[in-house]
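In case you want the letters, here they are:
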Amino acid sequence: MEELGFESLLGEMRESFESGRTRSLSWREAQLKALLKLFQEKEEEICKVLKEDVGKSYVEAFRDEVGVVTKNLNSSLKDLKTWMAPERVSLPLVTFPARAELVKEPLGVVLVFSCWNFPIGLSLEPLIGAICAGNAVVLKPSEISPATSEFLANNLSKYLDNKFVKVIQGGPQVGEKLLELKWDKIFFTGSPRVGRIVMTAAAKHLTPVAVELGGKCPAIVDSLASSRDRKVAMARVAAGKWGSCAGQACIAIDYLLVEEKSASVLVELLKTAVKRSYSGPENMTRIVNKQHFQRLSSLLKDQEVAKSVVHGGSLDSTNLIIEPTILMNPPLDAEIMTEEIFGPLLPIITLKKIEDSIKFIRARPKPLVIYAFTNDELLKRRIIEETSSGSVTFNDAIVQYALDTLPFGGIGESGIGKYHGRFSFDMFSHKKPILRRSFLVEIPFRYPPWDERKLQLIRRVYQFDYVGLILCFLGLKR
Ligand code: NAD
């Protein structure tokens, strides 16, 4: 579509938005129900396009995308009325008689950029939030998952009110054209590099942005006293690394931090877990395309890095499959330890004491998630208090993404803005403060001419000293 096309499309959508139709609960509910219908009627087609684009198995596609989004739609339908209701706010006595509330206002026409690794979820989770909040939405899915983008373009226009929801397909050039326009919010999921391009473009129009980015998510694995806990921990680490899109996930475990003394035991357990669940192409997603395959292969080319491989390492360039690969202590200045891996390679870094992991993490950009597998309450407290990350998950990985009652998002290099469930509604709403005063009571000392007594009265107002205020007003001393 031409640039002029985008501008007139935005103009039309703004006009539609101005009609006020999206503000009603019934319109929003109708869109959510239509999306549920889409999922009921097209589950197989969705799983098929996910297989075609990213190689996900049916179960993985259902668990990570269809299931998560359906659950979100159902809980949004249940809670939407409560989210939309104005929130009463308490006021100090001095304003009496008055009332205050926060009214939730839609922002207008919002632009959503999504990413290819969870192309259904990362498109529809923000779209659902934007619709719940009463906005019109333009979705630009990723060109790297073209079958899913095509599916979304064909079906969202049929199932949803297409005056208010549009899908625009295309790559970076289309993205750049869209960024030239003035939106009411831009929600971006992708790399920090493009996140910066989005923020720079948004700054021209003072458009608010949310950027959901990536980075290196560490997992601290304590020595763990019981052998059962160690086994469960390693099964969960394996799932957190290889179980979703072959590690091509922003919240996948990027590397492990373990104590020297327990490293060999943990590695053996990890290898067992990998062999059990992630061997064979039916249990492992492929790498999305040749470029990403080459990027990941080149991480292993460094001689020192190649020497550190203790499991896996085989590369199938025809089918774009990389075997789950474990590396022990690759050099910290190698690319595999300085850049986000976003694939099935897992470096393990050994430390003298597990507490040293805090210093290790603090010396690097703030991650999207810090995982820690431990029963040590003091260590948990130290991780919470002494590190900063989008979130922290103890004794599991990835599952936090599916919980709508916990906000999802990064901090610092890993992103700006939190969403999911109610937090998505808030992300796309303006909570407008409304103050309702009456003419009944008038306080004369609020107006000039100023004198010392008025200053004393105002001072007592700010100190909430109402007894002092009355005494001062009557010219009495305490
Ligand atoms: P990317 O940043 O290249 O692309 C994301 C989106 O931006 C796509 O829709 C793409 O078409 C568009 N785009 C690309 N270049 C653009 C440009 N110049 N102008 C405007 N739009 C442009 O995504 P990627 O690098 O393939 O994705 C991987 C990254 O995304 C990783 O860093 C990963 O951690 C991150 N990610 C984050 C989350 C999250 O929720 N935090 C989820 C998935 C992926």
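As shown above, the structure is provided for reference.
Residues numbered from 1 in each chain as written. Predicted model: local features only at pLDDT ≥ 70, side-chain atom pairs only at ≥ 80, totals over all residues. Heavy atoms only, no water.

1. Some thoughts on the pairing of strand β8 (residues 218–221)
Argument step 1. Of the two faces of β8, both are covered, the one formed by P218 and I220 as well as the one formed by A219 and V221.
Argument step 2. Alignment of β8 against strand β9 (residues 255–259), held across four bridges, turns out to be parallel. Each bridged residue has a counterpart across the sheet, and for I220 the counterpart in β9 is L257.
Argument step 3. In this structure, β8 lies alongside strand β15 (residues 369–373), joined through three bridges in parallel fashion. In the sheet register, V221 faces β15, and the bridge partner there is F373. (Buried < 20%, exposed > 50% of the residue type's maximum accessible area, 1.4 Å probe, protein only. Helix = DSSP H or I, 4+ residues; strand = E, 2+ residues; numbered from the N terminus. Pairing = 2+ DSSP bridges.)

2. Section: the sheet that holds β9
Strand pairs in the sheet, formed through backbone hydrogen bonds, run parallel or antiparallel to each other.
Argument step 1. Read from one edge of the open sheet, seven strands run β10-β13-β14-β9-β8-β15-β16, paired in mixed fashion. Single-partner strands in this sheet number two, and they are β10 (309–311) and β16 (391–394). Ignoring strand direction, the axes of neighbouring strands in this sheet form an average angle of 25°.
Argument step 2. The strands touched by helix α8 (residues 227–242) are β8, β9, β13 (325–328), β14 (345–351) and β15; relative to β14, the strand with the most contacts, the crossing angle is about 135°. (Axes fitted to C-alpha atoms, helices over the stretch in contact; angles between N-to-C directions. Contact = heavy atoms within 4.5 Å.)

3. Some words on the nonpolar core
Argument step 1. The biggest cluster of nonpolar side chains holds 115 residues, and the ones touching the most others in it are L127, L156, L256, L270 and Y371.
Argument step 2. Here this core gathers at least three residues from each of two domains, domain 1 (2–213 + 419–431) and domain 2 (218–404).
Argument step 3. Residue contacts for L127: discarding those within four places in its chain leaves L35, V137, L139, L156, L160 and V165. (Core = buried A, V, L, I, M, F, W, Y, C linked by side-chain atoms within 4.5 Å. Domains from an automatic or database assignment.)

4. Brief notes about the site of the ligand
Argument step 1. The local shell around the ligand holds 29 residues, among which K140, E143, S191, L213 and E340 are the closest.
Argument step 2. S114 is positioned such that a nitrogen or oxygen atom in its backbone is 2.9 Å from an oxygen atom of the ligand.
Argument step 3. Contact distances for the ligand include 2.6 Å between an oxygen atom and a side-chain N or O atom of E340.
Argument step 4. Within the complex, the protein chains bury 93% of what would otherwise be the 860 Å² of accessible surface of the ligand.
Argument step 5. Among the elements of the structure, α6 (172–179), β6 (185–189) and α7 (192–205) are those that each provide at least two residues to the shell around the ligand.
Argument step 6. It is α6 that provides the largest number of residues to the shell around the ligand, a total of four residues.
Argument step 7. Taken together, the residues of the shell around the ligand sort by class into 16 nonpolar, eight polar and five charged.
Argument step 8. Built from parts of two domains, the shell around the ligand gets at least three residues from each of domain 1 (2–213 + 419–431) and domain 2 (218–404). (Near = heavy atom within 4 Å. Polar contact = N/O pair within 3.5 Å; in protein donor to acceptor, adjacent residues only side chain to side chain. Areas by Shrake-Rupley, 256 points an atom, 1.4 Å probe, with all protein chains shown as cover. Nonpolar A, V, L, I, M, F, W, Y, C, P; charged D, E, K, R; others polar.)

5. Quick word on the packing of α8 against helix α9 (residues 263–277)
Argument step 1. Interhelical geometry of α8 versus α9 gives an angle of 60° and a closest axis separation of 8 Å. As judged from the angle between their axes, α8 and α9 are oblique. Note on packing geometry: the crossing formed by α8 with α9 is right-handed. Within the contact between the two elements, α8 uses R230, K231, M234, A235, V237, A238 and W242 and α9 uses V265, L266, L269, L270, A273, V274 and R276.
Argument step 2. For the contact of α8 with α9, the class distribution of residues is eleven nonpolar, no polar and three charged. (Parallel < 35°, antiparallel > 145°, perpendicular 65-115°, else oblique. Left-handed = near helix turned anticlockwise from the far one by under 90°.)

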